[in-house]
Amino acid sequence: MYVRSIRKSATLSSVLYIAAIVLATALAACHIPGKSIASNYKNVDQFNFDVAQGPKNYHIEGYLTRSTEMGKRPGLLVLNGGEGNEDQCVKMSQGIAAMGIQVACVSIPGYGNSSGPSRFVGQPSVLASRKALDMLAGRTDVDSSRLAVWGLGHGALAAGLLMDYDSRPRALILESGCYDPLTLWPEAPLRTKLSILREVWPSKRILKERSVIAHLPPKLDLSVLIMHGQQDNRMPVKQAVTLANALRERGAKVETCYFPTASHDLGKRVEPELRAFLRDNLLGTTSAAAS
């Protein structure tokens, strides 16, 4: 009986071992090494690059969705910072590219497949945003005089900081962002405070370095669309209202869209406002020139 039991156990182990090998082989066959999001689209190319801060190097993941319209087209840089992912961004970009806009989707450090850490949108995020804009503006199929930046979540903070130091974008879209960490910290929800503490020590100096409002130039000549959920339990809508007022005081043309029942992740509900804003502020000159 004992010998028979051993034989049965050995047979069962062999069967399980073979089954494991078969399953592993099947999974390996389903995985295509090196396959990227770009391989799923005819009009999408990789837009990866590296940035360095001192001895540290950051690899940044990005994808460029090309418009089918000929000639130099306006360019839109999308900075992802926690809301959605590159796959969702590329899917969304198809509709914007159909409008005649070249779209670059980039994950700031610490998000998507970009190396990190984020350090609550520290200097590497600003460097990555600026290099991404350089690359987009330098393309032969992009009109560098018609550039826009769309930041989502922490990407909105990166886009705002980019606006503070770079006058090239003529239009800016900011979604669900934090724009003044100095005023956010005392009133931030516990979840937001813990999220910040995981990335950086929130000293007054560090928070001020990451404040869009603290570094706004005295005059601004651009159009801005600010979108925020009024039920956002991570970044209070007050952050968006305060920034809108500060931008208007500096001469910026500001549109706001506060969604009464929405929380932090606005999803596809922003698309009508986004497309209308891009038509008016990035494509409007094209229509006027053609007429």
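Okay, so let's go over this structure. Nothing here was measured: the structure is a model prediction, and the numbers come from that model. (Residues numbered from 1 in each chain as written. Predicted model: local features only at pLDDT ≥ 70, side-chain atom pairs only at ≥ 80, totals over all residues. Heavy atoms only, no water.)

## Notes on the overall build of the protein
Summing up its helical and strand segments, the protein has 10 helices and 10 strands in all. Burial analysis of the protein (291 residues in total) assigns 48% to the buried set. Element-wise, carbon and sulfur atoms account for 56% of the exposed surface of the protein, whose accessible area totals about 14,500 Å². (Helix = DSSP H or I, 4+ residues; strand = E, 2+ residues; numbered from the N terminus. Buried < 20%, exposed > 50% of the residue type's maximum accessible area, 1.4 Å probe, protein only. Areas by Shrake-Rupley, 256 points an atom, 1.4 Å probe, with all protein chains shown as cover.)

## Details of the sheet that holds strand S6 (residues 102-107)
Here 8 strands make up an open sheet; going across it, the order is S1-S4-S6-S5-S7-S8-S9-S10 and the pairing mixed. For this open sheet the edge positions go to strand S1 (44-46) and strand S10 (253-259), each flanked by a neighbour on one side alone. Strand-to-strand, the axes of this sheet are offset by a mean angle of 15°, without reference to chain direction. Pairing analysis gives 6 bridges linking strand S5 (residues 73-81) to S6, with the strands arranged parallel. Across the sheet, Leu79 pairs through a bridge with Val106, a residue of S6. Of the strands in this sheet, S1, strand S4 (62-65), S5, S6 and strand S7 (142-153) are in contact with helix H2 (residues 86-97), which crosses S6 at around 165°. (Pairing = 2+ DSSP bridges. Axes fitted to C-alpha atoms, helices over the stretch in contact; angles between N-to-C directions. Contact = heavy atoms within 4.5 Å.)

## A word on the pattern of salt bridges
Enumeration according to the criterion identifies 11 salt bridges in this entry. Its salt-bridge partner being Asp45, residue Arg66 comes within 2.7 Å of it at the nearest N-O pair. Residue Arg66 is found in the loop between S4 and S5, and its partner Asp45 is found in strand S1; the two are separated by 21 residues along the sequence. On the basis of relative accessible area, Arg66 is assigned to the partly exposed category, the value being 24%. Judged by relative accessible area, Asp45 falls into the partly exposed class, the value being 31%. Between Lys238 and Glu187 there is a salt bridge; the shortest N-O distance is 3.6 Å. Residue Lys238 is found in helix H8 (residues 238-249), and its partner Glu187 is found in helix H5 (residues 181-187); the two are separated by 51 residues along the sequence. (Salt bridge = Lys/Arg side-chain N within 4 Å of Asp/Glu carboxyl O.)

## Things to note about the nonpolar core
Ranked by size, the top nonpolar core spans 55 residues in total, and within it Leu77, Leu174, Ile226, Leu243 and Leu247 carry the most contacts. Ranked by residue count, the leading element in this core is helix H4 (residues 154-165), at 7 residues. Excluding its chain neighbours within four sequence positions, the residues that come into contact with Leu247 are Met163, Leu216, Leu220, Val224, Ile226, Ala252 and Val254. (Core = buried A, V, L, I, M, F, W, Y, C linked by side-chain atoms within 4.5 Å.)

## Comments concerning the side chain of Glu61
Within the element layout of this structure, Glu61 appears in the loop between strand S3 (56-60) and S4. Owing to a relative accessible area of 8%, Glu61 belongs among the buried residues under this scheme. Contacts of Glu61, omitting those with residues within four sequence positions, involve Asn48, Glu86, Cys105, Val106, Ser107, Gly112, Asn113 and Ser114.

## Thoughts on the packing of helix H3 (residues 123-137) against H4
How two helices pack is summed up by the angle between their axes together with the distance between the axes. Relative to each other, H3 and H4 sit at 70°, their axes nearing to 9 Å. The angle between the axes of H3 and H4 places the two elements in the roughly perpendicular class. Crossing geometry of H3 relative to H4 is assigned as right-handed. Taken together, the residues of H4 that come into contact with H3 (itself represented by Val126, Ser129, Arg130 and Leu133) are Ala158, Leu161, Leu162 and Tyr165. Here the residues of the contact of H3 with H4 are counted per class, giving 6 nonpolar, 1 polar and 1 charged. (Parallel < 35°, antiparallel > 145°, perpendicular 65-115°, else oblique. Left-handed = near helix turned anticlockwise from the far one by under 90°. Nonpolar A, V, L, I, M, F, W, Y, C, P; charged D, E, K, R; others polar.)

## A look at H3
Relative to the 21 Å expected for 15 residues at 1.5 Å per residue, H3 spans 21 Å between its end C-alpha atoms, a close match to the ideal helical length. Every buried residue of H3 is accounted for by Pro124, Ser125, Val126, Ala128, Ser129, Ala132, Leu133, Leu136 and Ala137. (Expected span 1.5 Å × (residues − 1).)

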